[in-house]
Amino acid sequence: MSKLQLAKRALPSKEGTLFKDVLTLYETRQLKKGLKTADQILKKFPEHGETMCMKGLILVHMGRREEGMDLVKKGVRLDLTSHICWHVFGLIQKGEKNYEEALKSYMQALRFDKENMNILRDAASLQSQLRLYDGLVETRHTLARCRPVLRANWIALSVAYHLNGNLEEAKKVLEHYEDSLKNVPDYDVEHSETTMYHVKVLEDIGDYAEALAFLDVNSKSRVIVDKTGVMETRARLLSKLKSDEAEHAWRVLIDHNPDCTDYYNGYLTSQNISSDDAALLVLKEISSQIPRANAPRRLALAYSSGDQFRELAKEYLTSALVKGVPSLFADIKSLYENQARLESIQSILEQLLAEHTPASSSPTEPTTYLWILYFQAQHFSHLSQYDKALEVLERAITHTPTLPELYTCKGRVLKRAGDPYGAARALEEARRLDGQDRFLNTKCAKYHLRAGLINEAYHFFGLFTKKDAASPSADLEDMQSLLYLIEDADAQRRLGKLNLALKKYAVINKVFDEIEDDQYDFHGYSMRKFTVNIYLNLLTWEDNLRSHPVYVKAALSASQIFVALHDDPSIVKRFTSSEPLTSAEKKAQKKAKKAAHKKEEDKKPAAPTSTNEDKGLEIPNADDDPDGLKLLGCSDPLERAAKFLHPLTTLASKNIDVWIAVYDVAIRRKKYLQAVRALAHARELDADYPELHVRLAHLRKTVTSLPQVPPAPIGEVFTSTVSALLPDEVTLETFNSQYLQRHSSSPLAIFAAARVLKTLDGPLEEVDNTIFSTLGPDVKLTLKSARTMLDYLVQLGSLRVEEYRTSCDQRFPLATVFKTAEEQASLMKETVEMPIASPKDEVEI
Amino acid sequence: MNIRVARIDDTMGMQACNLQNLPENYTMKYYLYHLLTWPTLSYVAEDSNGRVVGYILAKMEEDLPEGEKPHGHVTSISVLRSYRRLGIAKKLMVQSQEAMAAMYKADYVSLHVRKSNRAALGLYRDTLGFTVKDIEKKYYADGEDAYAMHLSLAS
């Protein structure tokens, strides 16, 4: 360092003391005083970088973020070799969740103060967060070397090695650490946890015998206090060693917790059971020893067949129906995959009905009859026999009109039969029977969202959300309710409110960002608490976080909207029209503004307090786009879609819709190699997938209209991939008609062929006819695909829409989704205006 | 239906179950904090598809005054309405209690319940053997009082 730089940094004793004061004042968050003191120094030494940085840091804490940030940057530039300046810069970047940049700043800081504990600890957390394990090992090494007395530093070092894939070093560090321990108190939970971690390291290395020996020694000496953990690990290791003792170990676990099905599976596997009969014998033996355990009795059903199955199933069903177990059908359902078992259960059901119908010879609990009917309704619904299901439910409701389950079941049946309005009404009836039950409330609200009755849904949600929240939506968003967010987003989308749909999909993304960020504090915390095994579980889970079905759905739906916006920018204009709002719209807008304003108000302090208030370093959550209109009109829809989809290419790579979505975005971004690779992935998953067929045609059209082949290095790979997907010599017309021929009974394949025909400028009549073929006798037309077909005909401006609509309406008599717009509007009205029960039924919590 | 120790992978399911059933809700970090501090105390019940249908979120009480014995605390317990009559709540509670006693030498378990929640009161008092220790005024966010209940684990 040059003399000049040293000279600039060093302060005379008076200012030097003041600077120390600034640091202390900052640490104790006396921000006003700290600011004043910093200004005192700067008056005399206006270019003192370190003071400037501290002042900037304090300003950010006081909420003057931009000002503070500028000052910090200035300060860093003035003193590039000061660890304080880089540390401050890193702190602020960390607060903004800009972890990559923060780590760079911290690494700079460490260059000038290699053994600064604070900086090292923060760097370790950042490296863990960013999964930079090489660096983490180094940092943890330094920390352990500098403060070997702190036990957590050694554990953290071992974990760092483990994460970096160096299990042998991880083990060595643990052994060294254990040797150094003195006076470990009895029943010490921390020591127990580290010992269990040591066992895991040995297991991960593959030394099962050593792991088991180590486990046993420490369990006998009462070092490990996690009894369940010991038993589970024992059984698992013994099974891995294929030891004779494994059987007993699993049996001990079953006795400890007879309701854990994993233990039974372990037990059966450990005995090398090769036949269903042998398994059945084992399960029967356990059942006789633990008669109250449900698991072995249920497992037995999966291993039995024929008369034996009938006997066991009848006993299992009867006892559950007499008890009145609502989840019985859900429990049994998986057995229906086997036709023989399905028929057995059907006949048992009929038998039971005969035995338990009131006014029959054997006197019985009236409730058993009720639960049999409830089961039977679900049985018929599962087999898509919706009218039979509804008939059974009506009988049950006549018998016992006050059981909410009957109405939730009715709602589900109507939903599956295509009547969302009837379904919503049924759920409202269920909800009214127990106003204190949030479960029924949530379902009722969800069904109203499905029926497009958004405001009604919000009203229901509002009965249980916090009264001081800005709105029911705001509370559910704050509490990260993914169920609510995805249902609301999808409902808005169905209603064409693309701005609000996009907004909610974006909120879902934000929730996942929050959850990803949650792990940050635990990188340090878990080391201090020594709970290593669960910490490792945390990291793996976070790595796979966005494989969650709600994230996948949100990403796919949002990217579809973004693509549509790119293809037709005029969509945005519809939402920002200058047409006068209706009075209802004005009211809704006012309400939304008020809610957004209230939310902002709640975030501000109640009264202007002294500026000592510490706002922290995190960026406040200001929502500047409550209606999602900015998002809708964004200038980079494709880039946003790509970002949203990106994690799915690794975390949901078996989901063919992901690759279709990736193609749609990539091809429009002119990322040709990425696009064709996506289709290649899709093809591997299902070469006949209808959406893939449509994209292949799209690809051919795009390629033929390209002014030139993409340049090297991608040109060759691109061309060969294209040819592999769709051979050059095959015309699109042939390709399409061959596809149609091959899949003439699949409505979605027909739909795909029709769309391709349209892009080939086929006459409207021919496209129509293709769609209409889905009504033919050989086509397995489902309700869902029928709706898709109808929507497409409307979009096309076909002259035969009415014809298709009435045809579907007749084909699906219980459905209301094929009624005319007027009929549906009146059904919605009927649902909203359901006779209000007396006020006492509405219990507001 | 499977009852086992809760893992981090279960936290989303626990949160979803909680939001469906109860008005007292928590952000994900709070669930993570429980599991990462007391990894053996929380349990879940899952259906055959791996969906969380019931859970118990538990901890050991921290910041104990000098000399007071360690005790466990149930932060939240809930089972989906559609999975009643299977004794799930009791099974979850029993597993958690045993872990509190074995691992942390807990002397008793405590929890809070709304004064007006007759169903829960019945579960804790009659099925699980809790007794009312105290009334905590305005314990809940909406101002309702809570019963503070205890269950002794000393055997």
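To start, this report covers the structure provided alongside it. Values in this document were obtained by computation on a predicted structure and should not be read as measured data. (Residues numbered from 1 in each chain as written. Chains lettered and ligands numbered in written order. Predicted model: local features only at pLDDT ≥ 70, side-chain atom pairs only at ≥ 80, totals over all residues. Heavy atoms only, no water.)

This paragraph deals with the overall build of chain A. Along chain A, the regular secondary structure elements total 48 helices and zero strands. When the 845 residues of chain A are sorted by exposure, 51% land in the buried category. Long-range contacts, defined as pairs at least 24 residues apart, comprise 62% of the intrachain contacts of chain A with a sequence gap of at least 6. When the accessible area of chain A is evaluated, it comes to approximately 41,300 Å², of which 53% is carbon and sulfur surface. Across chain A, 112 positive and 119 negative side-chain charges occur, with their mean positions spaced 5 Å apart. (Helix = DSSP H or I, 4+ residues; strand = E, 2+ residues; numbered from the N terminus. Buried < 20%, exposed > 50% of the residue type's maximum accessible area, 1.4 Å probe, protein only. Contact = heavy atoms within 4.5 Å. Areas by Shrake-Rupley, 256 points an atom, 1.4 Å probe, with all protein chains shown as cover. Lys, Arg positive; Asp, Glu negative; His and termini not counted. Charge placed at Lys NZ, Arg CZ, Asp CG, Glu CD.)

So, on to the interface of chain A and chain B. With 53 residues of chain A at the interface, the matching set in chain B holds 44 residues. Counting each side, the surface lost to burial between chain A and chain B is near 4,600 Å², with a carbon and sulfur contribution of 55%. In this structure, the connection of chain A to chain B is made through six salt bridges. Of the charged contacts, one joins Glu405 of chain A and Arg84 of chain B as a salt bridge, the two residues approaching to 3.6 Å between their closest N and O atoms. On the surface where chain A and chain B come into contact, there are 24 residue pairs in polar contact (both at pLDDT 80 or more). Tallied by class, residues from the side of chain A that touches chain B come to 24 nonpolar, 14 polar and 15 charged. (Buried area = accessible area lost by both parts, 1.4 Å probe. Salt bridge = Lys/Arg side-chain N within 4 Å of Asp/Glu carboxyl O. Polar contact = N/O pair within 3.5 Å; in protein donor to acceptor, adjacent residues only side chain to side chain. Nonpolar A, V, L, I, M, F, W, Y, C, P; charged D, E, K, R; others polar.)

Here we come to the packing of helix 24 (residues 404-416) of chain A against helix 25 (residues 420-433) of chain A. Residue and element names in this part refer to chain A. Packing of helix 24 against helix 25 brings their axes to within 8 Å, and their N-to-C directions diverge by 165 degrees. As summarised for this structure, helix 24 and helix 25 are arranged roughly antiparallel, according to the angle between their axes. The hand of the helix 24/helix 25 crossing is left-handed. Contacts from Pro404, Tyr407, Thr408, Lys410, Gly411, Leu414 and Lys415 of helix 24 reach helix 25 at Gly422, Ala423, Ala426, Leu427, Glu429, Ala430 and Leu433. Looking at the contact of helix 24 with helix 25, its residues break down into eight nonpolar, three polar and three charged. (Axes fitted to C-alpha atoms, helices over the stretch in contact; angles between N-to-C directions. Parallel < 35°, antiparallel > 145°, perpendicular 65-115°, else oblique. Left-handed = near helix turned anticlockwise from the far one by under 90°.)

Okay, the nonpolar core next. Of all hydrophobic cores here, the largest spans 249 residues; its most connected members are Ile332, Phe375 and Tyr505 of chain A together with Tyr124 of chain B. With 11 residues, the top contributor of residues to this core is helix 33 (residues 549-567) of chain A. (Core = buried A, V, L, I, M, F, W, Y, C linked by side-chain atoms within 4.5 Å.)

A few words now on helix 2 (residues 13-27) of chain A. Residue and element names in this part refer to chain A. Here helix 2 contains 15 residues, and its C-alpha end-to-end distance of 21 Å stays within 8% of the 21 Å for a straight helix at 1.5 Å per residue. Where helix 2 is concerned, the buried positions are Glu15, Gly16, Leu18, Phe19, Val22, Leu25 and Tyr26. In this structure, the buried residues of helix 2 make contact with helix 3 (31-44), helix 4 (49-61) and helix 6 (83-95). Directly after helix 2, the chain includes Arg29, whose backbone phi takes a positive value near 55 degrees. (Expected span 1.5 Å × (residues − 1).)

Going through the model one piece at a time under the given rule, you end up with zero disulfides over all chains. With no disulfide partner, Cys17 of chain B has as its closest neighbouring cysteine sulfur the one in Cys260 of chain A, 18 Å distant. The exposure class assigned to Cys17 of chain B is buried, which follows from its relative accessible area of 1%. (Disulfide = S-S within 2.5 Å.)

The next point concerns the sheet that holds strand 2 (residues 43-46) of chain B. Residues and elements named next belong to chain B. Strands sit in the order 1-2-3-4-5-7-6 across an open sheet of seven strands; the sheet is mixed. Of all the strands in the sheet, just strand 1 (2-5) and strand 6 (131-136) have a single pairing partner and so form its edges. For this sheet the average axis-to-axis angle between neighbouring strands, irrespective of direction, equals 25 degrees. For strand 3 (residues 52-60) and strand 4 (residues 72-79), the ladder comprises seven bridges, and the chain directions are antiparallel. Along strand 4, the bridge assignment pairs Gly54 with Val79. Against the sheet, helix 2 (residues 28-37) makes contact with strand 3 and strand 4, and its axis sits at roughly 60 degrees relative to strand 3, the strand it touches most. (Pairing = 2+ DSSP bridges.)

Shape descriptors only; they carry no functional weight alone.
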